[in-house]
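Observations on the model geometry
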Amino acid sequence: MLSMVQGFGDSFESCWLIAEFRTIKPQYADFNRKNRNLLVSNSQKGQRGPAKGGGMAATHGTPTGDLNAHGIIPSGEVYWNQDASTLIELAVARKEGIYSSHRALVTETGERTGRSPNDKFIVDENTTSKDINWGNVNISTDLATFTRMRAKVADYLSAQDTLFVQDLYCGADFSESLPIRVVNQNAWHNAFARNMFIRPDAERLSNHSPEFTVLHAPHFEANAEEDGLNSQCFVIVNYAAKEVIIGGTRYAGEIKKSIFSVMNLILPKKGILPMHCSANTTGENTAIFFGLSGTGKTTLSADPKRALIGDDEHGWGANGVFNFEGGCYAKLIDLSEDDEPEIFGTTQKFGTILENIVMDENGIPDFTDVSKTQNTRGSYPIEFIENRTMDSKGGHPQNVIFLTCDAFGVLPPISRLTPEQAAYHFISGYTAKVAGTEIGVKEPQATFSACFGEPFMPMHPGVYADLLSKKMEEHGSNAWLINTGWSGGSYGVGNRMKIKFTRAMLNAAMNGELDNVQYIVDPRFGFEVPVECPNVPSEVLQPRNTWSDTASFDSTADKLAEMFNENFARYQAGVSPEVNAAAPQSLA
């Protein structure tokens, strides 16, 4: 039986999910080379068609809707709201995937192992056109293109010998959740959707009426020239029709991210802030963590003294923070049992879906092998994480944490921000990465992603920043910028901040131990830097003091300040004068 953290409210769906796996015996799958090769020989590499089912046309499960209403006239079997165990067993039977030695489902997504941002479109229509921040991220298409591609997708799905349907919710706070329907041609994608979204109990399922529908045809490829698209892949959102159509890509993340983007347009109009963040809580003290890849978001939000609310997508509404999802979609590259035991444990459970991982001849995953992709993934229901809240909700955050890995080595390891500074850095979404040695460049590369999730934000970043500022002011939240990157010099000279120091600073901030200490204002960035912190050497708190060459520090810090300003120039017109005034100033 799955165990859960006590004391955080009622589970939205715990018993329901446990029942899905109750009948599964704790045995290992037989594994041999013939089984391993199924992925290669059945529509996973080279072959373009879908995995085929068989048998007489029939309806499985109790339908909670009519596919005819979506223009789909099924010619084969339709599986409605099947549990995860059934879907995974069907996926293996249909040769869509194979079992690992621990009976996790292993699948491959072919040539597309990540999102396809250049193939994502939003229909430019009257109801939402003025709300969209059109540009290179939010790319428009016309209604005629959507209508044409939707008809092709509907015809394609209608012709399949098997379809799979899930009626689910996005949002653990049912007063604000979005009822969705996901129609898939593959059992494993349907199992992914069931893992990732909120699974309704029997009563909510009986009353479910979808307000957004995803039609998913991963093996149907567009003719780019004929269809007026960029490639054979397409993800098109039509807010007026309340539909998403997906084709030409088997990467499962497109399903969840398309609905996340939908929530990012719907919720701000209700005064709810959608966030690309992780969140945890003690039950009385809640924190949210924003950060791009490599900043330590997953590691730092996993705390044995605090229960996980969720790891990726949340809303901040009238009742506090709530998870959008019913599961996790974890990056698995270099995953180890020592560093992340709970996530590692999920990879050995029946019900988990492993994407694009490499296994040895015994079916043991090698998470260090990136020969297929560096974006190896694991999808599992959140109930597989023991240290979690039972209802995927928390109170209003006392602390808002922005994480950055500053490879330039000039940002303080911890800073306290004003509400205006918080909005500025939220919009900036900064981190820095070290360029690959294969091109001989050692200079850190600045990376900016608005709201720490720019690809999924259809509105101007200023809209989300204003909501964040209002929420923080209303609930008295503190904002902190924590640098998990370099100290004592840039990458190649200095050293990465020790995780024990970062953890100590984070805990001190969340526990109120930095409320009454002395602060120094950073001359360029304007935020407050504490002069002391429990269990952290005071000399590391002021980054300039850690550099042996202070002139080099000054020139590097000025350069980073200029990078911030250059990036922010595209947002200036959409934010308040106070937020613009929070920009850093070069001292050169």
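Okay, so let's go over this structure. (Residues numbered from 1 in each chain as written. Predicted model: local features only at pLDDT ≥ 70, side-chain atom pairs only at ≥ 80, totals over all residues. Heavy atoms only, no water.)

It is worth spelling out the pattern of salt bridges at this point. The full count for this structure, using the stated rule, is 22 salt bridges. A salt bridge links Asp-119 to Arg-112; the nearest nitrogen and oxygen atoms lie 3.2 Å apart. Arg-112 carries the same exposure label as Asp-119, and that label is buried. For the salt bridge of Arg-204 with Asp-201, the shortest nitrogen-to-oxygen distance reads 3.9 Å. Classification of Arg-204 by relative accessible area gives partly exposed; the value is 32%. Taken together, the salt bridges that share partners define one network made up of Lys-256, Lys-257, Asp-312, Glu-313 and Glu-325. (Salt bridge = Lys/Arg side-chain N within 4 Å of Asp/Glu carboxyl O. Buried < 20%, exposed > 50% of the residue type's maximum accessible area, 1.4 Å probe, protein only.)

This part is about empty space enclosed by the protein. One pass over the full model with this rule turns up four cavities of 30 Å³ or more. When its volume is computed, the second largest cavity comes out at roughly 60 Å³. The dominant element in the lining of the second largest cavity, judged by the number of residues it contributes, is helix 9 (residues 253–266), at four residues. When grouped by side-chain class, the residues that make up the lining of the second largest cavity number three nonpolar, three polar and four charged. (1 Å grid on protein atoms, 1.4 Å probe; cavity = no way out; pocket = protein on both sides within 12 Å on 5 of 7 lines; lining within 4 Å. Points joined across faces, edges and corners; volume = space filled by probe spheres on them. Helix = DSSP H or I, 4+ residues; strand = E, 2+ residues; numbered from the N terminus. Nonpolar A, V, L, I, M, F, W, Y, C, P; charged D, E, K, R; others polar.)

Judged by pairing direction, the sheet is antiparallel, and its four strands sit side by side in the order 12-16-17-23 without closing on themselves. Of all strands in the sheet, those with a lone pairing partner are strand 12 (273–276) and strand 23 (393–394), marking the two edges. Pairing of strand 17 (residues 320–323) with strand 23, which is carried by two bridges, proceeds in the antiparallel orientation. Looking at the pairing, Val-321 lines up with Gly-394 of strand 23. Sitting on the sheet, helix 9 is in contact with strand 12 and strand 16 (313–317), with an inclination near 145° to strand 12. (Pairing = 2+ DSSP bridges. Contact = heavy atoms within 4.5 Å. Axes fitted to C-alpha atoms, helices over the stretch in contact; angles between N-to-C directions.)

Inside soluble globular proteins, nonpolar side chains tend to come together where they are buried. Grouped together as the largest cluster of nonpolar side chains are 101 residues, with contacts concentrated most on Ile-288, Phe-290, Trp-316, Phe-402, Phe-426 and Leu-560. When residues of this core are assigned to their parent elements, the largest contribution, seven residues, is made by helix 16 (residues 550–568). Those residues in contact with Phe-426 that sit more than four places away from it in its chain are Phe-290, Phe-402, Ala-450, Cys-451, Phe-452, Tyr-464, Ala-465 and Leu-468. (Core = buried A, V, L, I, M, F, W, Y, C linked by side-chain atoms within 4.5 Å.)

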